[in-house]
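Coordinate analysis (summary)
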Amino acid sequence: MMTKCVSGIKYFQSTGTKYKTEAQAVYERWVSELRRQIDSGGIIKKEEIKPAAETTVYFNEFAERYLSWVKDRQKSYNVKKYIIKIVVEHFKNKKLIDFNYRTIEYFQSFLLNKGLKATYINKIITVLKHMFSKALDWELMNEDTLKKVRKVKLLKGEIKRLRYLSDDEADRLLLNCDSYLKPIVVMALHTGMRRGEMLGLTWNRVDMANRVILLDKTKNGGRREIPMNNTLHIVLSGLTRHIKTDFVFYNTETLKPFFDLERIWRKALNKSHILDFHFHDLRHTFASRLVMKGIDLMTIKELLGHKDIKMTMRYSHLSHAHIKNAVSSLDIEDKKSYLFLTSDENGKLSNP
C-alpha cells in the first residue's frame, strides 16, 4: 500500500505487487502523476499506474516470481529450481533490461570454463530463454530485450546419449534382475515408460481387460495411453496385489513404492557384465527396437509421449540403417538369373 501526503491530504493506493523494485517504480510514477494532477487543478484519478518494470526489475526478484509460477504448473520445478539458482548467483543484481546477446554469450563461456558439459549449459540457456518469455508476458521488460536474448544460439558439438541394449544384453539383464526389479525392467522395455511413471503407477490406472495403461500426469503434463502387449500382460498378471496398497510396484516390507533402485540396479548390471548403461536407457532401448522393426517415428513419438517430433528424431538414424538392409533383402543371389546371364547364354534359354 502506498501513502502520500500532499497539501495536508493523505492519498492511498495499492502497488499491486509484493516485489520491492516494482513497488518502488509504481510509487515514484504514482507520486509524479499525483502532483501533476494536483498542480493542474484536475480531478484526482484512482487509476492503477503500471510500473516501468523494464528499467527497475532485478533478475533475482524476477527469478523468485518465475519459480512461484513454475511450482504450480510444471513438474520440472525441482530441476528448474536448481538451474535458476546457478543463474541467480551470476545475475542477481542485474536489471532485466540490461540483458543482451553478449551478456548471455559471456555467461555460456563462464559455464564452459567451470567445466560444465555443453548438454547441461544448453539446458540452462533454454530455461533462461523461457524465463525472459514470461517476463515479456508479465510486462516486466520490453520486446527488444527478449529478441536479444533469443538470438543466443545453443552450443554446438553436443552429442546426445543414445545407448540401448542388444537382444543378448537384454536377455542377460532380465536373467540377473531380482524378483522385484524384473517386472519393472520388463515394463520399461515394453512400454518405454519413465522410471517415475512406473514407480508411481497404481492398479486403478492399469486396465488389464483392455490391455492399456492410463497415465494422467506425465512429465509433459499431458494424458497418455500406453498399450500392453502379451509379454507385459503376463508379467503384470503374475504380480501379487496387497490390500493395503494400490501401487503396482512396492516394497513388501514397508508396502510403500520404491524410490531408489540404484543398488539393485547396479547389482543387476554388474552380474550381467553390462557397461555404460543407465536406467533411463531402457526407454531408449524400447524406442530403438521399434525403429529397427520398421515402426514409423510419429507412432513412436506418441508412445513415448514426446511433445515435439524433434525429440523422437534422435532415433531416425537407426531407421535409415534398417531401410538399407531392407533394400539389400531384394538382392538376387541366384547366379542363373536373367540379370547375370550373358547375351549368348540368354539366347540358349527357352522362351517361356
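Presented here is an overview of the structure given in this document. This structure is a prediction, so every number in the text was calculated from the model and none was measured.

**Digging into the nonpolar core**
Formed by 36 residues in total, the largest nonpolar core has its most connected members in L173, M187, I213, L236, W265 and L282. Every element with two or more residues in this core is listed here: α7 (167-175), α8 (182-191), α9 (195-199), β4 (212-215), α10 (230-237) and α11 (262-272). The leading source of residues in this core is α8, at six residues. If sequence neighbours within four positions are ignored, I213 has contacts with M187, M193, L201, R205, R224, E225, I226, M228 and L232. By size, the runner-up hydrophobic cluster in this structure holds 35 residues, among which are F99, F132, L140 and L146.

**Regarding the pairing of β4**
Alternating positions in β4 separate into two faces, V212 and L214 on one and I213 and L215 on the other, with burial throughout. Where strand β3 (residues 206-207) and β4 come together, two bridges link them in antiparallel fashion. Looking at the pairing, V206 lines up with I213 of β4. Judged from the four bridges that link them, β4 and strand β5 (residues 224-227) form a sheet pairing that is antiparallel. Each bridged residue has a counterpart across the sheet, and for I213 the counterpart in β5 is I226.

**Remarks on the packing of helix α2 (residues 59-73) against helix α5 (residues 118-137)**
Running from N to C, α2 and α5 point in directions that differ by 90°, and their axes come no closer than 11 Å. On the basis of their axis angle, the class for α2 and α5 is roughly perpendicular. Taking contact as the criterion, the partners of F59, F62, A63, Y66 and W69 in α2 are, on α5, L128, H130, M131, F132, K134 and A135. A breakdown of the residues in the contact of α2 with α5 according to their chemical character gives nine nonpolar, one polar and one charged.

What counts and what doesn't
Residues take numbers from 1 onward in each chain, read along the sequence in its written order. A pLDDT threshold of at least 70 governs which residues receive local features in this predicted model, and a stricter bar of 80 or more applies before side-chain atom pairs are shown or counted, although totals over entire chains, interfaces and linings include all residues. Excluded from the side-chain calculation are hydrogens and water; included are all heavy atoms of the structure. Remark: nonpolar core denotes a set of buried residues (Ala, Val, Leu, Ile, Met, Phe, Trp, Tyr, Cys) joined through side-chain atoms within 4.5 Å. Accessible area is worked out with a 1.4 Å probe on protein chains only. A residue is then buried under 20% of its type maximum, exposed over 50%, and partly exposed in between. Numbered from the N terminus, helices here are DSSP runs of H or I no shorter than four residues, and strands are runs of E no shorter than two. A contact between two residues is defined here by any heavy atoms of the two lying within 4.5 Å. Each pair of strands is called paired provided DSSP finds at least two bridges between the two strands. All axes are obtained by fitting lines to C-alpha atoms, using only the stretch in contact for helices, and the reported angles, taken between N-to-C directions, cover 0 to 180 degrees. For this classification, under 35 degrees means roughly parallel, over 145 means roughly antiparallel, 65 to 115 means roughly perpendicular, and everything else is oblique. Under the scheme applied, nonpolar residues are Ala, Val, Leu, Ile, Met, Phe, Trp, Tyr, Cys and Pro; charged residues are Asp, Glu, Lys and Arg; polar residues are all the others, including Gly.

Read these as layout, nothing more, since geometry by itself doesn't imply function.
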